Amino acid sequence: MSYIVSRGPATAYKIANDLNYHFSQVYRKVRRLEKYGLIERSNGHRGDLLASTVRGLIVCYYYNCASQELILNKLRKNLNIDKEHLARFLDVYLEYAKGGAPIDELPIMIFYALYKGTPQELLSPLLPSVIRYIKGNIISQ
C-alpha cells in the first residue's frame, strides 16, 4: 500500500521488481487490498496499473504508511478541499473511527460525522467541496 501511495500508480509486476518480492506474494497482497477497496485496477486485468482509492489514502493516513503531506496532497487533488481543513477533519474523525466509524469516501465520512454531532465549525469548511464532489459524480453517472 505504501508503494502505491508513494510511487503509484504501478503494475504489480513493477512493485515486485522494485521491492524484490516474489510475484505471487505481490499478487496475493494486491487481491487483498482490492477486496477491501483500498486500491483499484485501471481495467480489471492482471497487467493493469494499480492506484489507491480515496478509502486507501485515508487508511494510509490513519496508519501512517506514507507521508501525511503526500496523502493530503493526493486527497486535495481528488476532492478539491483545503489541506488544513481536511487534515483537521481526518485527525478528529479517525479518533471516532476507533469506535467503529466508517472509513470510506469522504462524503460518507462527513455525513456520518454530522449524524454523530461533530462540531459544525469543523465540518462547514468541507461541505461546499463535498457538495461539488457529489454533484460531479451524480452528473457523470
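As a reminder, the structure under discussion sits directly above these lines.
Attention here is on the structure that accompanies the text. This is a predicted model, so every value here is computed, not measured.

In this model helix H5 (residues 68-79) runs 16 Å from its N-terminal to its C-terminal C-alpha over 12 residues, within 8% of the 16 Å that 1.5 Å per residue would give. If you check which residues of H5 are buried, you get Ile71, Leu72, Leu75 and Leu79. Looking straight down H5, one finds that the buried residues subtend no more than 95 degrees of arc, so they occupy a single side. The N-cap of H5, judged by a side-chain oxygen 3.3 Å from the amide nitrogen of Glu69 a few residues on, is Ser67. A positive phi of about 55 degrees marks Asn80, the residue just after H5.

On inspection of all chains with the given rule, the structure shows 1 disulfide. Covalently, Cys60 is tied to Cys65 through a disulfide, its sulfur atoms 1.7 Å apart. Because the torsion about its S-S bond is -115 degrees, the bridge between Cys60 and Cys65 counts as left-handed. For Cys65, a relative accessible area of 25% gives the class partly exposed.

Our next topic: the packing of helix H2 (residues 12-19) against helix H3 (residues 23-35). Two elements in contact, H2 and H3, have axes separated by 9 Å at closest approach and are oriented at 125 degrees. Taken together, the axis directions place H2 and H3 in an arrangement best described as oblique. Remark: the crossing between H2 and H3 carries right-handed chirality. Contacts between H2 and H3 involve Ala12, Tyr13, Ile15, Ala16 and Asn17 on the former and, on the latter, Phe23, Val26, Tyr27 and Val30.

Looking now at the packing of aromatic side chains. Following the criterion strictly, the structure yields 5 aromatic pairs and no others. Taking the centre distance of 6.3 Å and the plane angle of 85 degrees together, the rings of Tyr93 and Tyr112 count as edge-to-face. Here Tyr93, found in helix H6 (residues 83-97), pairs with Tyr112, found in helix H7 (residues 106-115); they are 19 residues apart in sequence, far enough to count as distant. A network of ring pairs unites the aromatic residues Phe89, Tyr93, Tyr112 and Tyr115 as a single cluster.

Together, Arg28, Lys29, Arg31, Arg32 and Lys35 give the surface a local cluster of positive charge. A relative accessible area of 65% places Lys35 in the exposed class.

Analysis parameters
Residues numbered from 1 in each chain as written. Predicted model: local features only at pLDDT ≥ 70, side-chain atom pairs only at ≥ 80, totals over all residues. Heavy atoms only, no water. Helix = DSSP H or I, 4+ residues; strand = E, 2+ residues; numbered from the N terminus. Expected span 1.5 Å × (residues − 1). Buried < 20%, exposed > 50% of the residue type's maximum accessible area, 1.4 Å probe, protein only. Arc of directions from axis to C-beta. Polar contact = N/O pair within 3.5 Å; in protein donor to acceptor, adjacent residues only side chain to side chain. Disulfide = S-S within 2.5 Å. Axes fitted to C-alpha atoms, helices over the stretch in contact; angles between N-to-C directions. Parallel < 35°, antiparallel > 145°, perpendicular 65-115°, else oblique. Left-handed = near helix turned anticlockwise from the far one by under 90°. Contact = heavy atoms within 4.5 Å. Phe/Tyr/Trp six-rings, centres within 6.5 Å; stacked < 30°, edge-to-face > 60°. Patch = residues over 30% accessible without salt bridge, like charges linked within 9 Å, V, L, I, M, F, W, Y side chains within 5 Å. Areas by Shrake-Rupley, 256 points an atom, 1.4 Å probe, with all protein chains shown as cover. Salt bridge = Lys/Arg side-chain N within 4 Å of Asp/Glu carboxyl O. Lys, Arg positive; Asp, Glu negative; His and termini not counted. Charge placed at Lys NZ, Arg CZ, Asp CG, Glu CD.

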